[in-house]
Amino acid sequence: AQSVTQLGSHVSVSEGALVLLRCNYSSSVPPYLFWYVQYPNQGLQLLLKYTTGATLVKGINGFEAEFKKSETSFHLTKPSAHMSDAAEYFCAVSEEYGNYQLIWGAGTKLIIKP
Amino acid sequence: GAVVSQHPSWVICKSGTSVKIECRSLDFQATTMFWYRQFPKQSLMLMATSNEGSKATYEQGVEKDKFLINHASLTLSTLTVTSAHPEDSSFYICSARGWTSGMEKNEQFFGPGTRLTVL
């Protein structure tokens, strides 16, 4: 069964600093990978996704992620954090059959210090 | 494109009453809709998956008689929490997956969520 691990339930960075949110997955086949962001009391918004092709994926709000098959990782980065980036971030991997259910990580709360 | 709405956005009800939450795909046909429950500071927990015109598939531990799901059309699914109790208070989120040009078959589009509080 597939699983997703997000290291660190909370990550705190200073405004302007590099953001790095870690995601590792277990999958026996090439995965489809997603990062979603959730602001308080709101639904989820897709930040970016990896399906096939280029392993460095650019998303919205200046975020990007790199698919590294050898490390089974899909870490999310942003060069310079803004206060508005404070939110909960979820990594997910899609099943490759049936209803293509998403397998979710536990989430990482990003805290931005002024 | 690919907008999913939920109604209501929040609801407060008395214990023992039933509450219906609607999930609509506004600009695409949703072949599959998913219902999630999210407790504070936790990840999403999949409750059930529904395909249009067929019975929903519930995850283990989810009471199908308590959480009634109907997916009568390609743009509407409803979740009814029957005889709600305080422990049913939670944030309920729906998502939809479609099969149209330009849409990844495994990408889900999420509604804004419904906050249910049972007194």
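Keep in mind it's a predicted model, so treat the numbers as computed, not measured.

A few points about the overall build of chain A
Step number 1: When helices and strands are counted, chain A shows zero helices and twelve strands.
Step number 2: Listed by position from the N terminus, the elements making up chain A come as β-β-β-β-β-β-β-β-β-β-β-β.
Step number 3: Expected size for 114 residues packed as a compact globule is a radius of gyration near 13 Å; at 14 Å, chain A falls within 12% of this value.
Step number 4: Expressed along its principal axes, the backbone C-alpha trace of chain A runs to roughly 45 × 30 × 20 Å.
Step number 5: The burial tally for chain A puts 46% of its 114 residues in the buried class.
Step number 6: Here chain A has roughly 5400 Å² of accessible surface; of this, 54% comes from carbon and sulfur atoms.
Step number 7: Taken together, the 8 basic and 8 acidic charged side chains of chain A have centroids lying 3 Å from each other.

Topic: the interface of chain A and chain B
Step number 1: Between chain A and chain B, the contact holds 22 residues from the first and 23 residues from the second.
Step number 2: Of the roughly 1800 Å² buried between chain A and chain B on both sides combined, carbon and sulfur atoms contribute 48%.
Step number 3: If you sort the residues of chain A by the area they bury against chain B, N99, Y100 and W104 of chain A come out on top, with a joint share of 29%.
Step number 4: Where chain A touches chain B, the interface holds one salt bridge.
Step number 5: A salt bridge links E107 of chain B to K49 of chain A, with the shortest nitrogen-to-oxygen separation between them at 2.4 Å.
Step number 6: Where chain A touches chain B, the interface holds six residue pairs in polar contact (both at pLDDT 80 or more).

Structural notes on the side chain of S73 of chain A
Step number 1: Structurally, S73 of chain A can be placed in strand 9 (residues 73-78).
Step number 2: Residues in contact with S73 of chain A, not counting those within four places in the same chain, are C23, N24, Y25, E66, F67 and K68 of chain A.

Re the pairing of strand 9 of chain A
It is a general feature of regular strands that their side chains alternate between the two faces of the sheet.
Residue and element names in this part refer to chain A.
Step number 1: Most of strand 9 is tucked away: five of the six residues are buried.
Step number 2: Pairing of strand 3 (residues 19-21) with strand 9 involves three bridges; the strand directions are antiparallel. Its bridge partner being in strand 9, L21 is matched across the sheet by L76.
Step number 3: With five bridges connecting them, strand 8 (residues 64-68) and strand 9 associate as antiparallel partners. Residue pairing for strand 9: E64 is matched across the bridge by T77.
Step number 4: From the end of strand 8 to the start of strand 9, which pair antiparallel, there are four residues, and T72 there has a positive phi angle of about 45°.

Topic: a nonpolar patch on the surface
Step number 1: A surface patch of nonpolar side chains, about 390 Å² in accessible area, is lined by W10, I12 and L119 of chain B.
Step number 2: Structurally, W10 of chain B can be placed in strand 2 (residues 10-13).

A look at the pattern of salt bridges
All names here are of chain A.
Step number 1: All told, the structure shown has five salt bridges over all chains when counted by the stated rule.
Step number 2: Note that K78 and D85 form a salt bridge whose closest N and O atoms lie 2.8 Å from each other. For the pair K78 and D85, one class covers both residues: buried.

Focus: the sheet that holds strand 7 (residues 67-73) of chain B
All names here are of chain B.
Step number 1: If you walk across this open sheet you meet the four strands as 1-3-8-7, and the pairing is antiparallel. Edge positions in the open sheet fall to strand 1 (4-7) and strand 7, since each of these has one partner strand only. Averaged over all pairs of adjacent strands, the angle between their axes in this sheet comes to 15°, without regard to strand direction.
Step number 2: Summarising the sheet, strand 3 (residues 19-25) and strand 8 (residues 76-81) pair through six bridges and their orientation is antiparallel.

A short note on unusual backbone geometry
Step number 1: The step from H7 of chain B to P8 of chain B runs through a cis peptide bond, and the omega angle for that step is 0°.
Step number 2: Relative to the helices and strands, P8 of chain B resides in the loop between strand 1 and strand 2.

As for the confidence of the model for chain A
Should pLDDT be low for a region, the predicted coordinates there are not to be read in detail.
Step number 1: Across chain A, the average pLDDT comes to 91, with 98% of residues at 70 or higher.
Step number 2: Across chain A, element-level confidence peaks in strand 3 of chain A with a mean pLDDT of 98 and bottoms out in strand 11 (residues 102-104) of chain A with 90.

Some remarks on the environment of Y89 of chain A
Residue and element names in this part refer to chain A.
Step number 1: Tracing the backbone through its elements, the reader meets Y89 in strand 10 (residues 87-94).
Step number 2: Accessibility expressed as a relative area gives 0% for Y89, which makes it buried.
Step number 3: Separated by 51 residues in sequence, Y89 and Q38 place their C-alpha atoms 6.2 Å apart.
Step number 4: Beyond its immediate stretch of four places on either side in the chain, Y89 contacts Q6, L21, W35, Y36, V37, L47, F63, L76, G107, T108 and L110.

Cut-offs used in this document
Residues numbered from 1 in each chain as written. Chains lettered and ligands numbered in written order. Predicted model: local features only at pLDDT ≥ 70, side-chain atom pairs only at ≥ 80, totals over all residues. Heavy atoms only, no water. Helix = DSSP H or I, 4+ residues; strand = E, 2+ residues; numbered from the N terminus. Rg over C-alpha atoms; globule rule 2.2 N^0.38 Å. Buried < 20%, exposed > 50% of the residue type's maximum accessible area, 1.4 Å probe, protein only. Areas by Shrake-Rupley, 256 points an atom, 1.4 Å probe, with all protein chains shown as cover. Lys, Arg positive; Asp, Glu negative; His and termini not counted. Charge placed at Lys NZ, Arg CZ, Asp CG, Glu CD. Contact = heavy atoms within 4.5 Å. Buried area = accessible area lost by both parts, 1.4 Å probe. Salt bridge = Lys/Arg side-chain N within 4 Å of Asp/Glu carboxyl O. Polar contact = N/O pair within 3.5 Å; in protein donor to acceptor, adjacent residues only side chain to side chain. Pairing = 2+ DSSP bridges. Patch = residues over 30% accessible without salt bridge, like charges linked within 9 Å, V, L, I, M, F, W, Y side chains within 5 Å. Axes fitted to C-alpha atoms, helices over the stretch in contact; angles between N-to-C directions. pLDDT = per-residue confidence, 0-100.

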